[in-house]
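Report on the structure
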Amino acid sequence: MTTNTAYINRYLDTRGLCLEPLTFTRAIVKGIAPGGGLFVPQVLPRFSLDEIVALGSLPYAQQAACVYQRFGVDLPVQKTAQLMALAYGDNFDSPAVAPVVEVAPGTHVLELWHGPTSAFKDMALQCLPVFFSAAIEQLRAQGEAPEDFLILVATSGDTGKAALEGFADRAHVNIIVYYPHGGVSDIQFKQMATQRGANVGVYGVRGNFDNCQTAVKGAFGDAAFNEQLAAQHKLALSSANSINWGRLLPQIVYYLSAYAQMVAQGSLVAGDPLDVCVPTGNFGNILAAWYAKQLGVPLDRLFCASNENRVLTDFINTGTYDISNRAFVLTPSPSMDILVSSNLERQLFELSGRDPAAIRAWMQDLSTHRRFAVDRQTFARLREHFSADAVTNDESLATIKEVHDHHGYLLDPHTAVAWKVAERLRQSNPVLVVSTAHWAKFGGDVYRALKGLPAASALPPAVATLSGTELNAHIAEKFAAGAVPTRLAELDTLPLRFSAVCNSTYTDIETAVNEWLQGHTTNTSLKRR
Ligand SMILES: *Cc1c(COP(=O)(O)O)cnc(C)c1O
C-alpha cells in the first residue's frame, strides 16, 4: 500500500461488547469502549526492512505521518501530515525529536524527553490533542454534533503537566488538572501552576493522589453533574488517560524511528536483532514496542523493567497477575508506581489470539478476586517476546551514580530502573534502553543518588532550602551534568497563574469546575496555535 492510499482501518474492542468496529477518529473521541474494553486496530500494517530503513532519512513528523497512514486513520493524508508537523516541530528541543545515543558499547539510550515538559508523556500528549480537535471537527462535518469536551485529569505530577501542555489552546477542548496539594515536587508544582493557555485550569486537592483520583472519578460518575455541564455549557466530560488509542499509536512511531536511526548511525546493519528495555508502569510504552515488532521492526527480546511495584515482573515470570496481597510502594520512579496496569489488557487480547471472552473472564477475576491467571498457550506466547525483572529503590539510585561515574551520562530514576534490568537480562544483542524523563524532573533523587544517600533520606541542610530549579542548577554545575532544559530552568521566573486548593470530595471537584467555568469562556472559538 502506498502512503497516498486513503485506506481506512477500524478498531475492535478487547471485550467484544462494542459490536460495530469504529474508525480512528471515533475511537479516540470515545477513549474507552462501552463495557470497559480498550480499542485495538483490526488490521496491523507491515513494513519491509527497506521501508523502515528509509524512514531514517525523513524528519520525525513525516515518519509519524507515514506510520499513521499505514494504520489507516480516517483523516485526509494532507491533514494528517499537517497535524504531525504541529505535534513534532520546534516544541521539541532536538531536531531528531527522539534521538538515540550510544552511552556504552552496545547499550543505546532512546531519549524520549525532548518535548516541552521534559518527560516521555509528551511523545503522545503533543500528538493526541491535535487529533482530538481534528476528530471533533471531522465528525461535525459528517453531520454529527459531538459536544466540546472538558477533560478532567487527576495527576500525581507528570501526566498533568504533559496533558496541560498538549491541550493548551486546542480547539473544542478544555482541561482541568487536579494534583495532591503538597504531594508533588516544587518543579512539578511550578510546571503546572505556570501553565499558559486560555482553556486550562489547575487545582491542588487536600489529600493524596488516591483521594484526587477517587474524587475525579466521582465527578465523572455523577449523572446530574454531567447533565448540568451539557445543558449549561454544552460540554461533555472526557479523560486523556493512557488507555486512549490516540496515546498508543504515537508511541509505536519512535521504535521504527529508533531502529532506522541506529542503522543510519552504523550501530546496526539492517536486519540485525535489537533488544529493548522499557521502564514500565501502565504497559503503554512496552506494548508500543510489541506492536512495532509486529509491524516488522527487527526487535528481539522486550525487557519489562519494574521498580519495587513489581506486579508486571511477577506476571511475566509466572503467568499470574496478583494484587490480592500486594501493597503500593512509593519509589523514586513514581510514574511506574502502579498496581493495575491498564494497557496489559491490549497485550493479552493480542496474545490470546484476540479472544474477547478470555479477556472478559480475566478482567472479571481481577475485579472480584484481585488476581487472574492466563492459560498456558497465552503464557507461552508472552514468554516468546517478554522477559522481566525488578529493581529496588536503592539499586535504582546506585545505578544513576554508576552510569554517571563510568559513562558520564546522567539517568533519571525511571531510566535507571531500565538500565539495571537491561544489564541483568541482556545476552548478545545490542540493547536499546528507553529513557522516559530528563534527570532534572527528579533533581532531589538524582542528587541523593550522586551523593550516595539512601532513597528516602532527607536532603542535607545545604541544599534542602533550594528551589527545584536552584537544586538542578547546583547539580548541573557540581556534577558537570550538562544543561538543564530551558523550560525547567526558567520556572522560578514565570508568574504563578494557578494556586487554588480544594477539598477532596467529588462535589468539591465539581464546585471547582463550575468556578473555573465562570471565570472562562470555553474555547470553541479559539484558534489552534
Ligand atoms: C508514564 C511513565 C512511565 C511508564 O510508562 P507506561 O507506558 O505507563 O508503562 C515510565 N517513566 C516515566 C517517566 C513516565 O512518565
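Note that this is a predicted model, so its numbers are computed, not measured.

Description of the site of the ligand
Among the 14 residues in the neighbourhood of the ligand, the closest are listed as Lys121, Gly281, Asn282, Asn285 and Thr436. At a separation of 2.7 Å, an oxygen atom of the ligand approaches a polar backbone atom of Asn282. Here Asn285 contributes a backbone N or O atom positioned 2.9 Å from an oxygen atom of the ligand. Burial of the ligand by the protein amounts to 95% of the accessible area it has alone, namely 380 Å². Looking at the shell around the ligand, its residues break down into five nonpolar, eight polar and one charged.

Considering the sheet that holds strand β6 (residues 173–180)
Across a sheet, strands are paired by hydrogen bonds formed along the backbone, either parallel or antiparallel in direction. Pairing is parallel across the open sheet formed by five strands, whose spatial order is β8-β5-β6-β7-β15. Only two strands of the sheet have a single partner each, and these edge strands are β8 (235–238) and β15 (501–502). For strand β5 (residues 148–154) and β8, the ladder comprises four bridges, and the chain directions are parallel. Paired with Leu150 across the two strands is Leu237, which belongs to β8. Along the sheet face, helix α7 (residues 158–167) touches β5, β6 and β7 (200–205) and points at about 165 degrees away from the line of β6. Sitting on the sheet, helix α10 (residues 223–233) is in contact with β5 and β8, with an inclination near 140 degrees to β8.

Some words on the pairing of strand β9 (residues 274–279)
The buried fraction of β9 is high, at six of six residues. Side chains of β9 alternate between two faces, with Leu274, Val276 and Val278 and Asp275, Cys277 and Pro279 buried alike. Here β9 runs beside strand β10 (residues 299–306); their pairing, made up of five bridges, is parallel. Counterpart to Val278 in the pairing with β10 is Cys304. Regarding the hand of the β-α-β motif, the stretch spanning β9, helix α12 (residues 284–295) and β10 is right-handed. Looking at chain direction, β9 and strand β14 (residues 431–435) are connected through three bridges and run parallel.

Topic: the confidence of the model for the protein
For the protein, mean pLDDT is 94; residues scoring 70 or higher make up 97% of the total. Taken as a whole, residues 1–5 scores under 50 in pLDDT and shows six contacts with residues more than four places along the chain or in a different chain. Here residues 523–529 scores under 50 on pLDDT; set against residues more than four positions off or in separate chains, the count is 26 contacts.

Quick notes on the side chain of Glu350
Relative to the assigned elements, Glu350 resides in helix α14 (residues 344–351). A polar contact of 2.7 Å, which involves the side chain of Glu350, links it to the side chain of Tyr291. Discounting chain neighbours no more than four positions away, the residues touching Glu350 are Val40, Trp290 and Tyr291.

What about the layout of surface pockets?
Its boundaries defined by the atoms lining it, the second largest pocket holds a volume of some 210 Å³. Taken together, Pro116, Lys161, Glu165, Gln191, Thr194, Gln195, Arg196, Arg487, Glu490, Leu491 and Leu494 form the lining of the second largest pocket. The class makeup of the residues in the lining of the second largest pocket is three nonpolar, three polar and five charged.

Here is what the cut-offs are and how they apply
- Residues numbered from 1 in each chain as written.
- Predicted model: local features only at pLDDT ≥ 70, side-chain atom pairs only at ≥ 80, totals over all residues.
- Heavy atoms only, no water.
- Near = heavy atom within 4 Å.
- Polar contact = N/O pair within 3.5 Å; in protein donor to acceptor, adjacent residues only side chain to side chain.
- Areas by Shrake-Rupley, 256 points an atom, 1.4 Å probe, with all protein chains shown as cover.
- Nonpolar A, V, L, I, M, F, W, Y, C, P; charged D, E, K, R; others polar.
- Pairing = 2+ DSSP bridges.
- Helix = DSSP H or I, 4+ residues; strand = E, 2+ residues; numbered from the N terminus.
- Contact = heavy atoms within 4.5 Å.
- Axes fitted to C-alpha atoms, helices over the stretch in contact; angles between N-to-C directions.
- Buried < 20%, exposed > 50% of the residue type's maximum accessible area, 1.4 Å probe, protein only.
- Right-handed = clockwise from strand over helix to strand, strands pointing away.
- pLDDT = per-residue confidence, 0-100.
- 1 Å grid on protein atoms, 1.4 Å probe; cavity = no way out; pocket = protein on both sides within 12 Å on 5 of 7 lines; lining within 4 Å.
- Points joined across faces, edges and corners; volume = space filled by probe spheres on them.

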